[in-house]
Structures are given as C-alpha cells and as structure tokens.
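Okay, here's what each chain looks like letter by letter:
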Amino acid sequence: MSDTSTQGIRRPDLSDGRIRRRYAAERRFRFYGMFAVGLAIAMLAVLLVSVCSKGYSAFYRTEIGLDVVLDPAVITPDGKKDADTLANADYQGLVKDTLKNAFPEVTSRADRKLLYALVSNGAGDTIRQAVLSDPSVIGSTKRFWVVAADDIDMLKKGFIKRDVAEAERVVPDSQISWFDKLAANNQIKTTFNSTFLSAGDSREPEQAGVLGALMGSIFTMLVTVLLALPLGVMSAIYLEEFAPKNRLTEIIEVNINNLAAVPSIVFGLLGLAVLLGVFGLPRSAPLVGGMVLALMTLPTIIIATRAALKAVPPSIREAAYGIGASSLQVVTHHVLPLATPGIMTGAIIGLARALGESAPLLMIGMVAFIVDVPHGPTDPATVLPVQIYLWADSPERAFVEKTSAGIMVLLAFLISMNAIAIFVRRRFERRW
Amino acid sequence: MNAISPSLAKMHGRKVTVHYGPKQALFDVDLDVPERMVTALIGPSGCGKSTFLRCLNRMNDVIDGCKVGGEITLDGQDIYDQKLDVVMLRARIGMVFQKPNPFPKSIYDNVAYGPRIHGMAGTKGELDEIVRSSLEKAGLWNEVKERLDQPGTGLSGGQQQRLCIARAIAVSPEVILMDEPCSALDPIATAKIEELIDELRENFTIVIVTHSMQQAARVSQKTAFFHLGHLIEWGDTEQIFTSPKDERTQGYITGRFG
Amino acid sequence: MLPAQSARNRAGLGLPSISAVVFGAVLALGALLPQAAAAREQLHIVGSSTVYPFATAVAEHFAQEGFKAPVVESTGTGGGLKLFCGGVGEGFPDIANASRPIKEGEVEACKQNGVTDIVEVEIGYDGIVLAAGKGGAPRALTVRDLYLALAKEVPVNGVLLANPYKLWSEVNPGLPADRIEVLGPPPTSGTRDAFLELVMDKACHTFPEIAALTDEKVKKAKCQTLREDGAYIDAGENDNLIVQKLAANPVAFGILGYSFLADNQDMLQGSAMDGVTPTEDNIINGSYEVARKLYLYVKKQHSDVVPGLAEFVAEFMSEKASGTQGYLTDKGMVPMPEAEHAAVSTAVLAALPIASSLGAVLDLGATSALLPWIAGGLLLLLSSVGFQLGRRRAFASVRGATRQLHSLPSYHGVYVGLGAFLPGALALLLGAVTAHYLPGDPKAGHDVIWAAIAAATLGAAAIGLAWAQRHVSANFRARNAVEKMTMILLVVCSLLSILTTVGIVLSLVFEAMRFFAQVSPLEFLFGLQWSPQMAIRADQVGQSGAFGAIPVFAGTILITIIAMIVAVPVGLMSAIYLSDYASRKTRAWAKPLIEILAGIPTVVYGFFAALTVAPLIRGMGASVGLDVASESALAAGLVMGVMIIPFISSLSDDVMNAVPQAMRDGSFALGATKSETIRQVVVPAALPGIMGGVLLAVSRAIGETMIVVMAAGLTANLTANPLEAVTTVTVQIVTLLVGDQEFDSPKTLAAFALGLALFVVTLILNIVALRIVKKYREQYE
Ligand SMILES: Nc1ncnc2c1ncn2[C@@H]1O[C@H](COP(=O)(O)OP(=O)(O)OP(=O)(O)O)[C@@H](O)[C@H]1O
Ligand SMILES: [Mg+2]
C-alpha cells in the first residue's frame, strides 16, 4: 500500500489553452441551450403573433345606427301585447323599412335587396330585446344600433379593399356609397363584439360565437380530466411500484407505449364502435368525446407519471418502509408528492393535446354545426378546435378573423388550464 | 508533530462569512490550512463545518442564494477573485462528500471521469494506470478489479465512499477536502481510509470534517473547533485535545470522551 | 405488528382519495347514462362536407322558426350514409347529405338494417370551377386542354402514352408556357368524381384514339385516371387552403367549389371553360356545364321519432331557401331552374307530408330526469354515512384509545364506506345498462324503472354497509382490507390500457379483414405503389399495385425523422438549459411557455405549415435552383417537430431536475465545467426518462393527423427526398374515412387496414425500443 508515490504524480492539465478550450465548449453548450429555448419561444411567438394579428379584429364589430319607428301596426297587428306576439313580430321588417326610408332613392328590387343586406339578418333581435324588456316603447321612434352584415364589417375593417374593381369585390359600389353616407351621418360605429363570446355557432359570421364550442370544450375536458388523470396515475403507480416484473407487465408496458402512437382518429373509431355502438351513448356528446380523449391521453399521462416515479430516489422509499409504512402508504405519502411535478407535466402536455384534438371527434359526431350552447355533458356540442376547423373551411371572408379569434380563445383556455397544473407543479418541485 | 509556521499555510481564510439567503451560517472565520498536513474540523452538528469546507473549493457557488464574504486564498491567491477560474480551482482542490455520490457510470468510468475531463492521460494505458493506482490508493482495487465495467452505484456504501475518494485523488489535487468520509464505513474500512489519509499527507494537503474525536486525534495535525458558525479555537491537534483554551471546546471534547 | 407511526399522524389517505374521485366519476357517468338516453329533440343530419354549408344555413333558419336547431355533422358522403344506414331509432341520423346519388350497395346495406323508407331530395347544384390566382393573366381553357394536361395517359400521334406534357403551351400552343400544376380534390372526394365525369370523360371521348377502344372498362379507366407525377396535386378537402395556395402561386390552377370563387373574387379568377365563364348566371342557366347535383336522403321512418323532420325538408325546399333567389344562393349553392325546383318541391312535399298535429316532444318529467341523480346522490350520502359510522364504531370499540386499534379509525371508515358504495354503484350501473337495453319504448315507464333502480341501489348499499359495519373491531385489519381493495383498483386501472388495445384492434380488424378479402395482404404489405384513385370506379376494384402500403409508411417515417431531427436537439437542449442553466425565475416562465407549443391546435400548425413554411422552403429552394414540391415533407416535418418539442423538453427537464444535486456536486468538485457535468453525468443519469420522452414524441409524430392532412401531400411517393411530397398513414386514414366514396368500397376499408398495419408496426418499434432501453438500464441502474 505504501509504494504509491514511486511514480511521478500526474497533475491535471491546467494549461491556459486547454482551459480556454474547455470554457469555449462550455459557452457553446450554454449557447446551444439558450438558442434552443429561444428558438422554441420564438416559434411560439411567431405562431401567437400571426394568430393574434389576424384574430383580434373579431373582438369588435361594426354597428349601424338606425332610427327605427316602432310601429304598433307591425309589432302588435291585433293590438295584443302578450309576450308571444311581441317575441314573434317582424322586427327585421322594421329594420328594412327604416333602411328603405333612409334611402328613398333606392327603388329597384335588386337594389333594395342589396340595401337590406347592409345589416345582419339578426339585426331584428336587437329591437326585439328592447321591445320585450320594455313594451312601452312601442309607438315611439328610437335609435337602435344594429349589427352590420359581415361583408360590411369586413369593408369597415379594411379586409375588403375598396380599390379593386367592382366585379372583383363582394361588396358592390352601391353598398359602399350607402355605407359612406351612413358613416357621414355618424350612423356607423365600432363596438366590442359581445356576440362572439356569448353565442353558439352560426352560418352568418356576424352572428357566430365561440361560446358553444367553449362550453363543449369545458365539458369534454372535464370528463377527460376526471377519467384520465386518476386512471393514468393509478395505472402508473401499479406498473411502477407494485407490478411484478413479468411477461404480463412487460406486455402492458409495450402496449401503453404503443397506444401513444395510435393515430387519434383510430380512438374515434373505437369510441364509435364501443361507446356509441355497444353502450348506446349519444352522438355528438361531450361525455363521449371526453371518454375518447381520455383514452387517447392515458398513455401520455402514464408514461410521464412512470418516469416521474422512477426518478424518486429509492432511499426515500426505503426510509418510509423503514418506519413501518405499508407499501401503499409509502407511495401515497412519500413517493407521490415527490413525483407530482412530473405527473403534472404529463397532465399538461397530455391534456393540451386532448384540448387541441379534432380528428377522433369526427367519428363520434362532434364535428358538427351546433347552434345551441350546450348545458351539460350530454347535450350535443362541438369543441373549440373543431369549431376552428369548420370556420377555417367556410368560404365567407369574415370567418378568417373568427378562425383566428377562436384560436385565441382556445389558447386562453389552454393557458388557464395549464396554469392550475403549473401551480401544482411549482408547489411540489424540488431537487434533492 | 512538526510545527509549521503559518507562512507555509496552503490556504488562508480571513473573516469568512457565509449567508444562506437571510440566514448567516458562518461568522468571521479566520483559519489557515497548512500545507501537507491534515486539518480536522470538529464541532457539533449544524455548526458550519461543511459550509466552511465547501467555501474552500467554492462548492457554495452551486447553491442558490448562498453568499460568501471575507477572503480565502490558495497559495496566496484569492480564490473568490473574479479572474480566478473555478474549474481550475476545483481541479486543484478535490472534495469527498459526506454521502457517497458515485456517478451512474461504471466503476472504471467513475474514476476515469476526472482524468478525462482534465486531459491527464494521453493513452488508454495511461488512463488504466491512473484508475488502477487511484483505486489502489483508496484500498478498493482488490475488491473491484474484476468488475470495473459494472455500475458504481451497485457497490456497498463503504465501497462507494472509497470509490469517491479514488475518484477525487485520480485528479491528483493539491488539497483534498473530506466531509465526514468515514461516516458510512466499518472500522476496517475506516482504518484503511485513515491510513490512506496519512499516506496522502505526503503529497496532499487535507482538510477533513469529522465527528469522531479519536479520528481527529489520530489523523490530523491541526484541529479547528466550530460552534454556532464561529471558529472558537484552532491549533495543533495535541494542544486542542489536551489543553483547550476555550471552555466550549473543553466541553465538547470532554462531552464526547466522557 | 408495528403500527405505522407516520401513517397514524396523517389524516390524509392519498390514494383512497384519488380512488374516491374515480368512483365519483364513474358514478356520475352512470347517472348521466339515462340522461343521455333521453329522447332526442333535434334533427340529426350527417354527410357531405359540400352540402354542409347549405344544410347548416337551413338548420339555422329552421331553428328561428321555433324548432330546436338540428345538429349537422360534416362526415363525408360515404361516412354519412354509413351512419344513416346504421338503423332506425334515436341513435341514428335522420338525414344524410350527399354530393352524389346513393349507390345500390348502400341502399342494400340500409335495407339490411331496417332502413327501408328513404326519400331522395335534390336540392341544387354545386358548381365546380377552375380558378387561378389574380397574379397571372386570365387563361381560358377547354375541356380538351384539361384532359391532355391531367390524364395519366394521353393520345400522342395516335397512340396512348404516359402523359408527356410539362407545360400548358405543349398542350395548347395558345396557352402560356407555364408549368402544369393543378390543385384538386383527392380520390376520395365527390368533387373529384364529378370533375372526372364532367370534364375528363367528356373531353376524352372526342379523341379518336379513345373512341377506337372497344372495351368499355378500359375506356373508362383511360379517361378517368389522373396523372400522378406531380402535375395534378391532391390538395385535400379544405378549399380555403387551396385558395391561399393559389393566391401565392399564380401559375397553379385549383379545382374548387363555386362558393369559394364567389367569396374570394379579389384573390381568384375563374377560368372560362370551353368559352363559358363560371358566373352564377351561367351556372344556373346551364351554359356552364361543370356542376353536379347535391342530395338529401331523408329517413321517412323517423317522422315520428324526432319532431320536425318533414318541416325541415319543407324549409329546405322552400322558395326562400333553395329557390333561385333563396338564401342558399348567398351561401354559394347553385339553385335549380325555377320549374325544376317547383317540381322537386311538390314531389318532396307529397312524399313527406307535414303532419297536422305534431306529436309533442315527449318530455321526461322533472322527477324522472332527476331520479338517476337522486339515486347517485343518495348512494354517495350513504357511503359517507358509512364512513362516519365505521370511524365512530372503531373509536367506540376501543373506547377512544386508538392506539389499541390495528388500523386508524379513518381506515375503518373508508372500509365501511366502500362496503356501502361498491354494491350500490354496481347495482346502479347494472340498472342503468338494463334500463337502456330494455325492449320497448324507453320513455314509457321510465319513472317506474328508475324508481326501481334507485331502490335497488340503496338496498344494495344498505346491505353492504351493514355487512361491512359488523367487521369493525379493534383487531380488524381495516387498513389491509382497504389497501387490498385499492390494489385491486390499481390493477383494474392498468388493465384498462389492455382493454383499450383490444377495443382498438377489434374495431379495426373486422373491416380490415373485409379489405383483405378483396386485396391480397401480400400486395398490401409489400406493394410499392399506393394509389387508391385507381380503384375509384367499381369496375376497377383491386387493380394491381393500387394498394401497396410501403410508400405510405415510408412517408410517415420520413416525416417523423424530420420532426425528430428538429425536436430532439431543440427539446433536449432546452431541457438542459432550463434544468441546469436558467435561473429559477426564467425556468418558471419559460417552461410553461414552451409547453403551450404542445397545446396549440394542430389545425393551426397545419395552416402554418401549408401557408407559411412550405412556400418559404419552396422559395428558398428555388433561389438555389432546387425543385421543391409545394407540399414537401420538409415543411410538414419541421412544423411537426416544433409541435413535439415540449414532449421532449418538459419530460427531460423533469427527469434531469430529479437527478440528485449530489451527483452534480461530485462532478463539480472534480473540476468539471457545467457542460461536462451535464453531458457526462446528468444526461446519462436521466437517460431512461429522456428516452421515454423521446419515444413518446416519436409516437406522437407517427400518430399526428391534422398537420399532415393540411401540409403533407396525398400522393404517395416512395422517396427519401425531404423536398418531395409524401403522404402519411394518418393522412390516408382520415381522407379515406371522410371521403365521399361508397362506405363498403375497398377504398374506405383500406383505412382500417392501414390503421391495423400502423398498430403492428409501432408495436414492433416499441418492443425493439423497450429492449434497448432495458439493456441500457440494466447496465447503469
Ligand atoms: N443549502 C443550505 N441552505 C440553507 N441553509 C443551509 C444550507 N446548508 C446548510 N445550511 C445551514 O447552515 C448551517 C451550517 O450547516 P453545515 O452543513 O455547515 O453544518 P455542519 O457543521 O456540517 O453539520 P453536520 O455535522 O451535521 O454535517 C446549518 O444551520 C444549516 O441549517
Ligand atoms: Mg456537514
């Protein structure tokens, strides 16, 4: 043991050149890391900016101020002021009459049609609401701000250019001149588009809203979270902590990894065959959508949870066993809290995917036009990504901004959903 | 016991203070580490021994919110100097930790790790030689020579600790810091390590934290006693153990020895 | 037996509380079942994406008339008819939209499922136009030009040859010398069917070389097979995407529905066909001939199943909807001439008379709808009573000296609670399922059935409670019993993945078998040519070489590799930076930010890839003289790579963060720099976890659908060149499933075969990967 110092002691090579090289490598490496993060965030920024710059305009809309004569002869033709009569009166007709009177020079049938097309065909609703809330206004003349038609809105926002030839424009010169005249009379204004956040889908862009899809997404994600998170965590716990390492568990492991690669639309086929076919659940329901997405999300959550469980040092388990905790107590009291950040990561990326997924929902009927805002997980509903996809596929120009605005709403939803998980993750995060 | 004049000290600590966030862990510690000697740091748990030790090779840099004040020099050079390079510093001042922390690599790669990053071996043969001699010095060679390619984490606690010592000395540092290196070892292994420390003293300067008074008395030439973040007393081991100046030192030592 | 001190001090029962959530969720679902089975109040319409914009417009007007708004799905004609023909009853759609007439086989299938009374309604026309971006000069074409430009084989000097033309000027000297590039619908689309018939077939017969052919089948094949060398580009079903692509590429033509031309006049110009420009008037008066009929198929048997069926059809056929001035024309539908419209409407009204007294919607009484919830709520209540009772009893059994208990009182509580819950929940679920499958009218006696179920549930729960309650005593090992139950629950959970797999395999395998009955599996597995277009005509089924899956899989692999080349380095380096370099603060915001990338809807990525990245790559390629396809694998792969960055970065960051600091300290103490430490200590220590993340990312890339549907091509090229267009398994599955073709054609069935094959392929990949990871782990754990 004592013959060690016979040979000359080798010293670390601390020459300047070598150290410099090592530091250069260090800086490079650090730069790569920073660059990677920067790149990822830059990509995100590019996507967000392009979405928001296209979508923000959907949050405001053009309104036309019309002095509508609330003619009793039209609203209450038989003199009765019961709610039914008031609700079903021809308010759109009143709007049309107002326009006709405002532009007496427009006489031909075709021109009149164009004139009426300045306002949304939901314009009458504004008046209906006013009359229903206060029937005493009948007979008076009041200024109502009604929603402009989508093309006019596009014109106002500059998406339909005035400087192209009339034949190439959706809005003809006549409509532009009427619009300008209204604008000159201060009868045009821009306001917050409350419809967009409070209505369901519509074929008329100015009446289309994102609430139906948002509620659909909320119900769907609720079902998904309630199923996928506990089921995923529990199967991961079993597989990682308790399962004997044998053939069967190996099969399960391979199988879970494999499920992660199954195209999402195939999960839709499964839902169609089993949930709708065998269990007779209704089509187009968030309940079914949530179940399908939960099955799709499970592998992600299981894999992430298992990785997180694996990363908990064995010493912690041993310490807990050492004080006589049962294996289940070891897991729930010690291992699980430490693995929570990893589990949350799995939940974040798994559920984020579920939230943005549309392909599997096609098979179970959620790629659909649904006007009514759903009130529960069994009402027919669609979800935000599907709504976005459907709008993106619509010919009307005004749906372009709606599409991007829908994406903004989806992202806002995503961020608030992630915020919860991130909060949990932060609370449990540590390094040992 | 050969008394060495302070001027020969390898490292000087002057008014060393350490804060962990708002909490101060060390208060104005003045301590010299003489060259080619073993300095033992003793004191009750939580008094700042490890903290001081970690200051000596700037391992505290790694801890968030840790601030070191005062001055520590190695061969007269301030180690907290902006211009001084930590990597170079740590290559000269090795460390063995309280808990064995082998890398998730093979035994061979664990030992070869340092020499590799410092470019100490030109050939595979040289590297093999470094690994062998380091493992031999750490008294582990005979136990592991048959299974150098197996994971270091598969060794027993004591073996792991010796592996970590082998890993540290493979780089041939000038100073080796040891934080309770024997806390996980049996008496035989402890004896081996102590023997090793004695041998290493010929070429290396060693600072060791220990809770064992016997060990401090056996292996060290200088002893420093810490209490609540203060350096209470410091001097020749013999003197500290036989005639401590401070009653707290007295109390601590006698408390242990009955 | 040593009592577990730590557990004693903790009131929390982590896992049991998770299981409580599961039980609660299951229970809620059980209670929802009967809700779901409640009578359908709105019409259910499925089918063609071409009819979708019109059907939805009518649905909305219909809703304004006081009916509940119908649900309109866009499933493709074939998929819609498949659902439609599935059977009679609330679970099946009432109306199928179609962009082609129903086929014999489909009528047969309908009949077999009891759908015998179908009314066909013609609603109008869809004009098919050839449009180009505004950038170029207007180009008038003839059908002969199109035929020569697009057919796979064309007559050249009297013989049929593989289409040699690259430029329009070669086809017709009067046209500019631009590259032939036509973006059009895929082989699964009805629009394509119509185009083949109305343009290609028509033009083809004017050539004597074709007329000379005697075999009708061969003739048809020659006339209606489009070239596959890149001049005709399958551009998917999203017409807006085509519009954008045309605007960016003035040389290209696109085949579109008329409404997209009408709404994008500032970006597009319609090309005159045989001298007739595609305007609304020309289409209505019939001078522009490239238009096809659109249909509704109405299930008359549903007249008394759902309210409003006849009224909806009447609304659809009314003058104000589908008439020449109707609102559907605003939506881009080409109406029938007035006389024809009148005739069709009267015929339809006669076939589907509006019942004078509309059977009011059978409203489930308030109590009735609430009963399942009440049953569930009572069950939960009883379970929590059980929990309290069990706890009390445990306390009482030792007179408050809990140290004498084997298990904590709360374990006794959980035991008794579960004793009540499990039998109750079982009874509830069984009851719900039986109620659903009970023969006869589900609405009649709903109340009685549910009252019975509720009673049974409570009875079972009470018995269970009493039984469990008797076990509670000082020596009873309640903890072990509860843990055993929890363990069983865990096992059941992990078996769920197996069940899912079985379900997936089963839902694929039958249809796949039917496919393999028509196409040899060997040909499918080893064939080098994938072109389902050849099988579009019934008389060409299974023409050799059409269903070789190799190029499709090769395309998937190519795109996945590109994606991984982006995602692995960026993801891994991001993870390293976040876990080891970034300050806590930076990490706290950067990590969630990157994770957003995983949640951006893939539709968005699809648009981004198709409209931003692909043209960019193409432009860059052009500037260095490379010929890049407009739907290059590179564009789709790059964008997909961006999407899966978080899968690698977040998971790797977590595991690297979990590598003990002591390990790092050990390395630093040896004088290693941070990067050396990371590369040689941290990453190897975290490698199993990182591998898991990478595997997951690979899986995600293989299974990703929407990005590739929008950005990758539909034509299967067997190539390793990332600048060419390839197709992927998922693209093929989606387009085949949502196409307009007959639902029993091998084309649709091929989707199932592809799904099954993909499943097997990824299975093999995973087994191999698992072996490798395991080997590595054995080495270093
Ligand atoms: N990373 C840290 N963050 C905050 N406080 C710390 C940290 N490390 C140590 N401390 C505190 O600094 C003081 C000194 O700790 P140190 O580890 O130096 O004690 P020690 O003398 O080595 O004790 P022992 O003999 O138990 O190892 C203690 O009060 C401890 O709580
Ligand atoms: Mg210490």
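Residues numbered from 1 in each chain as written. Chains lettered and ligands numbered in written order. Predicted model: local features only at pLDDT ≥ 70, side-chain atom pairs only at ≥ 80, totals over all residues. Heavy atoms only, no water.

Draft legend 1. Spatial organisation of the interface of chain B and chain C. Between chain B and chain C, the residue contacts involve 27 residues of the former and 21 residues of the latter. Per-residue buried area on chain B facing chain C is highest for P104(B), Y113(B) and I117(B); these three make up 29% of the total on that side. Along the contact surface separating chain B from chain C lie four residue pairs in polar contact (both at pLDDT 80 or more). Looking at side-chain class alone, the side of chain B that touches chain C contains 15 nonpolar, six polar and six charged residues. (Contact = heavy atoms within 4.5 Å. Buried area = accessible area lost by both parts, 1.4 Å probe. Polar contact = N/O pair within 3.5 Å; in protein donor to acceptor, adjacent residues only side chain to side chain. Nonpolar A, V, L, I, M, F, W, Y, C, P; charged D, E, K, R; others polar.)

Draft legend 2. A look at the state of the cysteines. Applying the stated criterion across every chain, the model contains two disulfides over all chains. Disulfide pairing is shown between C85(C) and C110(C); the S-S distance is 1.9 Å. Across the S-S bond of C85(C) and C110(C) the torsion is about -70°, and the bridge reads as left-handed. One end of the pair, C85(C), is in the loop between α4 (77–84) and β3 (95–98); the other, C110(C), is in helix α5 (residues 104–112), and 25 residues separate them in sequence. Neither C85(C) nor C110(C) differs from the other in exposure class; each is buried. Paired through a disulfide, C204(C) and C223(C) show a sulfur-sulfur distance of 1.7 Å. Between C204(C) and C223(C) the sulfur-sulfur dihedral comes to about -50°; the bridge is accordingly left-handed. Here C223(C) lies in helix α10 (residues 216–224) and C204(C) lies in helix α8 (residues 190–204), a separation of 19 residues in the sequence. By relative accessible area, which is 0% here, C223(C) ends up buried. Just so you know, C66(B) is unpaired, no disulfide at all, and the nearest cysteine sulfur is the one on C55(B), 6.5 Å from it. C66(B) gets classed as buried once you look at its relative accessible area, which sits at 15%. (Disulfide = S-S within 2.5 Å. Helix = DSSP H or I, 4+ residues; strand = E, 2+ residues; numbered from the N terminus. Buried < 20%, exposed > 50% of the residue type's maximum accessible area, 1.4 Å probe, protein only.)

Draft legend 3. Geometry of the domain arrangement of chain A. Domain parsing of chain A yields domain 1 (14–55), domain 2 (61–192) and domain 3 (211–428). Measuring from the centre of the C-alpha atoms in domain 1 of chain A to the corresponding centre in domain 2 of chain A gives 55 Å. (Domains from an automatic or database assignment.)

Draft legend 4. Here's a closer look at the sheet that holds strand β3 (residues 188–192) of chain A. Residue and element names in this part refer to chain A. One open sheet holds the three strands; their spatial order is β2-β1-β3, and the pairing between them is antiparallel. If you trace the sheet from one side to the other, it starts and ends with β2 (141–147) and β3, each paired once. Each strand of the sheet is rotated relative to its neighbour by a mean of 40°, with strand direction disregarded. By the bridge criterion, seven bridges tie strand β1 (residues 60–69) to β2 in an arrangement that is antiparallel. Its bridge partner being in β2, G65 is matched across the sheet by W145. Sitting on the sheet, helix α6 (residues 123–133) is in contact with β1 and β2, with an inclination near 135° to β2. (Pairing = 2+ DSSP bridges. Axes fitted to C-alpha atoms, helices over the stretch in contact; angles between N-to-C directions.)

Draft legend 5. Layout of the site of ligand 1. All names here are of chain B. S45, K49, S50, T51 and H211 are the nearest of the 14 residues found near ligand 1. At a separation of 3.0 Å, an oxygen atom of ligand 1 approaches a polar side-chain atom of K23. In the model, an oxygen atom of ligand 1 is placed 2.7 Å from a nitrogen or oxygen of the H211 side chain. Relative to its free-state accessible area of 630 Å², ligand 1 is covered by the protein chains to the extent of 65%. Looking at the shell around ligand 1, the elements that each hand over two or more residues are β2 (23–34) and α1 (49–56). Its residues placed into classes, the shell around ligand 1 shows four nonpolar, seven polar and three charged. (Near = heavy atom within 4 Å. Areas by Shrake-Rupley, 256 points an atom, 1.4 Å probe, with all protein chains shown as cover.)

Draft legend 6. View of the interface of chain A and chain C. With 134 residues of chain A at the contact, the number on the chain C side is 152 residues. Between chain A and chain C, the buried area comes to about 12400 Å², and carbon and sulfur atoms account for 67% of it. Remark: the boundary between chain A and chain C carries six salt bridges. Residues E204(A) and K331(C) are paired through a salt bridge, measuring 3.6 Å at the closest nitrogen-oxygen approach. No other element matches the 18 residues that helix α1 (residues 16–55) of chain A contributes to the side of chain A that touches chain C. The class makeup of the residues in the side of chain A that touches chain C is 85 nonpolar, 25 polar and 24 charged. Pairing geometry for strand β4 (residues 368–369) of chain A and strand β2 (residues 71–73) of chain C, over two bridges, is antiparallel. Its bridge partner lying in β2(C), F369(A) is registered against V72(C). (Salt bridge = Lys/Arg side-chain N within 4 Å of Asp/Glu carboxyl O.)

Draft legend 7. Representation of the packing of aromatic side chains within the structure. A complete count under the given rule lists 24 aromatic pairs over all chains for this structure. On the basis of an interplanar angle of 85° and a centroid distance of 5.3 Å, the ring pair of F62(C) and F312(C) is categorised as edge-to-face. With F62(C) in helix α3 (residues 52–64) and F312(C) in helix α14 (residues 309–317), the pair connects residues that are 250 residues apart, well separated along the chain. In this pair, the class of F62(C) matches that of F312(C), namely buried. Members of the aromatic cluster, each reached through a chain of ring pairs, are F515(C), F516(C), F524(C), W530(C) and F547(C). Its end group placed over the ring of Y60(A), K157(A) keeps NZ or CZ at 5.1 Å from the ring centre. In this structure, R679(C) packs its charged tip against the face of F29(A), placed 5.1 Å from the ring centre. (Phe/Tyr/Trp six-rings, centres within 6.5 Å; stacked < 30°, edge-to-face > 60°. Lys NZ or Arg CZ within 6 Å of the ring centre and 35° of its normal.)

Draft legend 8. Quick look at the nonpolar core. In terms of nonpolar packing, the biggest core is built from 340 residues, with L135(B), Y147(C) and L150(C) touching the most fellow members. Ranked by residues supplied to this core, first place goes to helix α13 (residues 286–311) of chain A with 16 residues. The contacts of L135(B), once residues within four sequence positions are left out, are V111(B), L140(B), W141(B), V144(B), L148(B), L163(B) and A166(B). L99(A), V131(A), V137(A) and F144(A) belong to the second largest nonpolar core, which has 37 residues in total. (Core = buried A, V, L, I, M, F, W, Y, C linked by side-chain atoms within 4.5 Å.)

Draft legend 9. How the structure looks around the pattern of salt bridges. Enumeration according to the criterion identifies 53 salt bridges over all chains in this entry. One salt bridge in this structure joins D274(C) and K202(C), with 4.0 Å as the shortest N-O distance. Of this pair, D274(C) sits in the loop between β10 (268–270) and α13 (280–284) while K202(C) sits in helix α8, and the two are 72 residues apart along the sequence. We classify D274(C) as partly exposed; its relative accessible area is 38%. Residues participating in the shared-partner salt-bridge network are K10(B), E35(B), D75(B), R92(B) and E174(B).

Draft legend 10. Here's a closer look at helix α24 (residues 584–599) of chain C. Here α24(C) spans 23 Å end to end across 16 residues, near enough to the 22 Å set by a 1.5 Å rise per residue. Within α24(C), the full set of buried residues consists of R587(C), A590(C), K591(C), P592(C), I594(C), E595(C), I596(C), L597(C), A598(C) and G599(C). Each element contacted by the buried residues of α24(C) is listed here: α1, α15 (327–356) and α18 (398–428) of chain A together with α23 (550–581), α25 (602–623) and α26 (633–657) of chain C. (Expected span 1.5 Å × (residues − 1).)

Draft legend 11. Local environment of the environment of T332(A). Residue and element names in this part refer to chain A. Looking at the secondary structure, you find T332 in helix α15. Classification of T332 as buried rests on a relative accessible area of 12%. For the pair T332 and I415, spaced 83 residues apart in sequence, the C-alpha to C-alpha distance is 29 Å.

Draft legend 12. Quick look at the confidence of the model for chain B. All names here are of chain B. Averaged over all residues, the pLDDT of chain B equals 86, while 96% of them reach at least 70. No element of chain B has a lower mean pLDDT than helix α10 (residues 247–257), at 76, and none a higher one than strand β3 (residues 38–42), at 93. For residues 1–6, every residue scores under 50 in pLDDT, and the model assigns this stretch eight contacts once sequence neighbours within four places are set aside. Prediction confidence for the complex, expressed as pTM and ipTM, is 0.83 and 0.87 respectively. (pLDDT = per-residue confidence, 0-100.)

Draft legend 13. Main features of the pairing of strand β9 (residues 222–227) of chain B. All names here are of chain B. With five of its six residues buried, β9 lies for the most part within the structure. Where β3 meets β9, four bridges bridge the pair, whose relative direction is parallel. Bridge assignment links L41 to a residue of β9, and that residue is A224. Bridging between β9 and strand β10 (residues 230–236) involves six bridges; their strand directions are antiparallel. Paired with K222 across the bridge in β10 is D236. Taking the residues between adjacent antiparallel strands as the criterion, β9 and β10 are bridged by two residues, where L228 takes a positive phi near 45°.

Draft legend 14. Quick peek at the packing of α1(A) against α18(A). Residue and element names in this part refer to chain A. In contact at an axis separation of 7 Å, α1 and α18 are set at 125° when each is read in the N-to-C sense. What the angle tells us is that α1 and α18 run oblique. In terms of crossing hand, the pair formed by α1 and α18 is left-handed. Contacts between α1 and α18 involve L48, V51, C52, K54 and G55 from the former and E401, S404, A405, I407, M408 and L411 from the latter. Of the residues that constitute the contact of α1 with α18, the class distribution is seven nonpolar, two polar and two charged. (Parallel < 35°, antiparallel > 145°, perpendicular 65-115°, else oblique. Left-handed = near helix turned anticlockwise from the far one by under 90°.)

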